Amino acid sequence: MRLIHPGIITQIIGTSPGPASGISYEVEFDRGNGPVRQNFDPKGARLPDEINTVAAPVGTPVIIQESQGLLTLSAPGESFEIEECEEPAP
């Protein structure tokens, strides 16, 4: 059986922007017995480490999935940093 718990990011852990593998989150959520805070290293598709990833901001709502006692946070709206480029010469 899979349970879904709504949560909210309370802290970014790691360097942002930086490699996705170096960014994790502290999330506050409720499993039915009061709010708890737990650190999560998001699972699932994430940007490659060669791309500067911008962490989802504090306050972002997230979903925690619970299956067989294992809690999982999907990557919550991370984005990538784009460097401004000059217009090419005509």
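Before going into details, it helps to say that this report is about the structure given with it. (Residues numbered from 1 in each chain as written. Predicted model: local features only at pLDDT ≥ 70, side-chain atom pairs only at ≥ 80, totals over all residues. Heavy atoms only, no water.)

1. Digging into the sheet that holds strand 3 (residues 35-40)
Then comes step 1: Strand order in the open sheet formed by 5 strands is 3-2-1-5-6, with antiparallel pairing between adjacent strands. Across the chains shown, the open sheet's two edge strands, defined by having one partner strand only, are strand 3 and strand 6 (70-73). The mean inter-strand angle of the sheet, taken between neighbouring strand axes irrespective of direction, is 35°.
Then comes step 2: Inspection of the sheet shows strand 5 (residues 61-67) paired to strand 6 by 4 bridges, in the antiparallel sense. Across the sheet, the residue bridging to I64 is L73, located in strand 6. (Pairing = 2+ DSSP bridges. Helix = DSSP H or I, 4+ residues; strand = E, 2+ residues; numbered from the N terminus. Axes fitted to C-alpha atoms, helices over the stretch in contact; angles between N-to-C directions.)

2. Some details on the nonpolar core
Then comes step 1: Among the nonpolar cores identified, the biggest contains 12 residues, and these are I9, I23, Y25, V27, F29, F40, A55, A56, V62, I64, L71 and L73.
Then comes step 2: Within the residue set of this core, elements represented by two or more residues are strand 2 (24-30), strand 5 and strand 6.
Then comes step 3: Among the elements that line this core, the one with the most residues is strand 2, at 3 residues.
Then comes step 4: Residue contacts for I23: discarding those within four places in its chain leaves I12, I13, T15, S16, G18, D41, P42, R46, T53, A55 and E78. (Core = buried A, V, L, I, M, F, W, Y, C linked by side-chain atoms within 4.5 Å. Buried < 20%, exposed > 50% of the residue type's maximum accessible area, 1.4 Å probe, protein only. Contact = heavy atoms within 4.5 Å.)

3. Some points on the environment of F29
Then comes step 1: Here F29 is to be found in strand 2.
Then comes step 2: With 24 residues separating them along the chain, F29 and H5 place their C-alpha atoms 6.6 Å apart.

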